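Notes for the structure review
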Amino acid sequence: MNRCYANGSEINIESYVQGSQYDYVQIYCADGDPSQGSTFVLLDQMLISTNYWYSDSYGGKYWYTSGDNDKITCFSHSCSVDEDVVFVDSTVEAGHSYYYELVMRSDWEDSWPAISSNVVSATVKLSAPVVTRYHSYNNKNVKLCWCCTPKAKGYQIYKYTGKKWKRIKTINKKSTLTYTDKKVKEGKTYKYKIRSYSVVSGKKIYSSFSSVHKVSLKRLTVRGDYKANSVYGPSLNSSQLMQVRRVVQSFKTNYIRKGMSEYDKALAVFLYLRSNCSYARRGLQYNNANNAWGALVYNEAQCSGFARAMKALCDGVGVKCKYVHANSKAVNPSHQWNEIRINGKWYIVDVQSGFFLAGSNTWKNMMGMRWNTKGPPKCSASDHKKFGFYGSIV
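All of the points below concern the structure found in this document. Just so you know, these numbers come straight off a predicted model, no measurement behind them.

Basis of the calculations
- By convention here, each chain's residues receive numbers from 1 onward along its written sequence.
- It should be noted that, the model being predicted, local features are given only for residues of pLDDT at least 70 and side-chain atom pairs only at 80 or more, the latter also being counted only at that level, while totals for whole chains, interfaces and linings use all residues.
- Water and hydrogen atoms were dropped before computing side-chain values, which therefore reflect all heavy atoms in the structure.
- Comment: elements are numbered from the N terminus, with helices defined as DSSP H or I runs of at least four residues and strands as E runs of at least two.
- For every residue, the accessible area obtained with a 1.4 Å probe (protein chains only) is divided by the maximum for its type, and the residue is called buried under 20%, exposed over 50%, and partly exposed between those limits.
- Whether two residues are in contact is decided by their heavy atoms, any of which lying within 4.5 Å being enough.
- The accessible surface values rely on the Shrake-Rupley method and a 1.4 Å probe; as for residues, cover is taken only from the protein chains in view.
- In this count, Lys and Arg are taken as positive residues and Asp and Glu as negative ones, while His and the chain termini are left out.
- To locate a charge, take NZ of a lysine, CZ of an arginine, CG of an aspartate or CD of a glutamate.
- The directions from the helix axis to the C-beta atoms are what the arc is built from.
- Residues belong to a common nonpolar core when they are buried Ala, Val, Leu, Ile, Met, Phe, Trp, Tyr or Cys residues joined through side-chain atoms within 4.5 Å.
- Residues adjacent in sequence count toward polar contacts only when both atoms are side-chain atoms; beyond that, a polar contact is any pair of N or O atoms within 3.5 Å, and within protein one must be able to donate a hydrogen and the other to accept it.

**Remarks on the overall build of the chain**
- Across its full length, the chain holds five helices and 24 strands.
- Each of the three principal axes of the chain carries a C-alpha extent, and together these read 80 × 55 × 40 Å.
- In the chain, which comprises 394 residues, the proportion classed as buried is 46%.
- Once local pairs closer than 6 in sequence are excluded, the contacts in the chain between residues at least 24 apart make up 57%.
- Counting every atom, the chain has about 20300 Å² of accessible surface; 46% of that belongs to carbon and sulfur.
- Between the centroid of the 54 positive side chains of the chain and the centroid of its 28 negative side chains there is a distance of 24 Å.

**Describing helix H5 (residues 360-367)**
- The set of residues buried in H5 consists of Ser360, Thr362 and Trp363. Looking straight down H5, one finds its buried side chains confined to an arc of 165 degrees; they lie on one side.
- On its buried side, H5 packs onto strand S22 (336-342), strand S23 (345-350) and strand S24 (355-358).
- Trailing H5 by a residue or two, glycine 368 shows a phi angle of about 70 degrees, which is positive.

**Observations concerning the nonpolar core**
- If you look at the biggest cluster of nonpolar residues, it comprises 41 residues, and the most contacted ones within it are Val244, Leu296, Met310 and Ile340.
- Those elements that provide at least two residues to this core are helix H1 (238-255), helix H2 (262-276), helix H3 (292-298), helix H4 (303-317), S22, S23 and S24.
- Examining the composition of this core, we find that eight residues originate from one element, H2, more than from any other.
- Counting residues in hydrophobic clusters, the runner-up holds 25 residues, among them Ile11, Ile27, Ile72 and Val124.

**Some details on the environment of histidine 135**
- Among the structural elements, histidine 135 can be located in strand S11 (residues 131-135).
- In the structure, histidine 135 is positioned 45 residues away from threonine 180 in sequence and 9.6 Å away in space, judged by C-alpha atoms.
- For histidine 135, the residues in contact, after removing those within four places along its chain, are Asn141, Val142, Lys143, Val215, Arg246, Val247, Ser250 and Tyr272.

**Brief notes about the side chain of serine 196**
- Here serine 196 shows up in strand S16 (residues 189-200).
- Engagement of the side chain of serine 196 in a polar contact is seen with the side chain of threonine 149, the distance being 3.1 Å.
- Look past the residues within four positions of serine 196 in its chain and what remains in contact with it is Leu126, Ser127, Ala128, Pro129, Thr149, Ala152, Gly154, Tyr155, Ile205, Tyr206 and Ser207.

The structure is reproduced here in structure tokens:
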């Protein structure tokens, strides 16, 4: 029994395999409908139970192995091709349809003749680009950044100025993932969206559009500590603080909706930083990695930068947030994080380490942290009921 579907740049073939009496499975593929004359070609094959299996990076839920030709990856709940498994074909091209058939074979075919599965098919479509950043740091231009789309040849950028959508740029290089729009005016609000394209048989095919993102060049309205010696970065100058404020304004405009709870707002801030800021491995002395500018503008930070950025974003969206520093009794006396208030109770949030709404008992026992409790509000001893985020990005 097979089911086949395209998943972005891959095709997944879900199968139920009963292979105890067979030695290996073969995956055949045709790039056209076999009922119309297209021919199946052996794509890959793998042993039922003696391939090398791995479980790295999948949380122990799945094991995976590659076929002899390294074209198919099999995911299984056990170290064998047995029962519910998924075969993943990453060799596919956008805009094409593919047909698959599985064949189970035994080295003793006189006793166990080969058996074939039903035929399944899927068409590969381009994935829409994921826009990660869209800001105006100086009210003179707007910078857009997005993630690479597998199988794409390039990207098209559209802008809406209040009358209609207009394509303002076609980028013919897959690896180019930024664009700066210099045709903007202060006091205006602009909308942007992006789509990927590829070329199949000489014709362009397109993905759906990304989400629409707004960039406002109007007077900033988000509140926070944007004066000298700010908690967002005591060494930041007025220009850098203004850039931080613009990012906070953009975040609020695009991610915060009317009626969102404190929990939803805090989670949006947490996930935004986890997605848009990487760990500054060179050191906190480079590119303001120890403050909110490093995290929100340069998009690299260490613990202090993550914590100061969390504070800036929470201040901007109305979530109570404190910046906290470990003391000498902590496992890492230089570590910094946040406390935020949700429905009247305070919890630990550490964006860098991946802790969201942890109780003080978890923070002390799991991470070995200690801090001066006379300053910050008293935290809940237990985790929030929706708590569930662990995992460092270091």
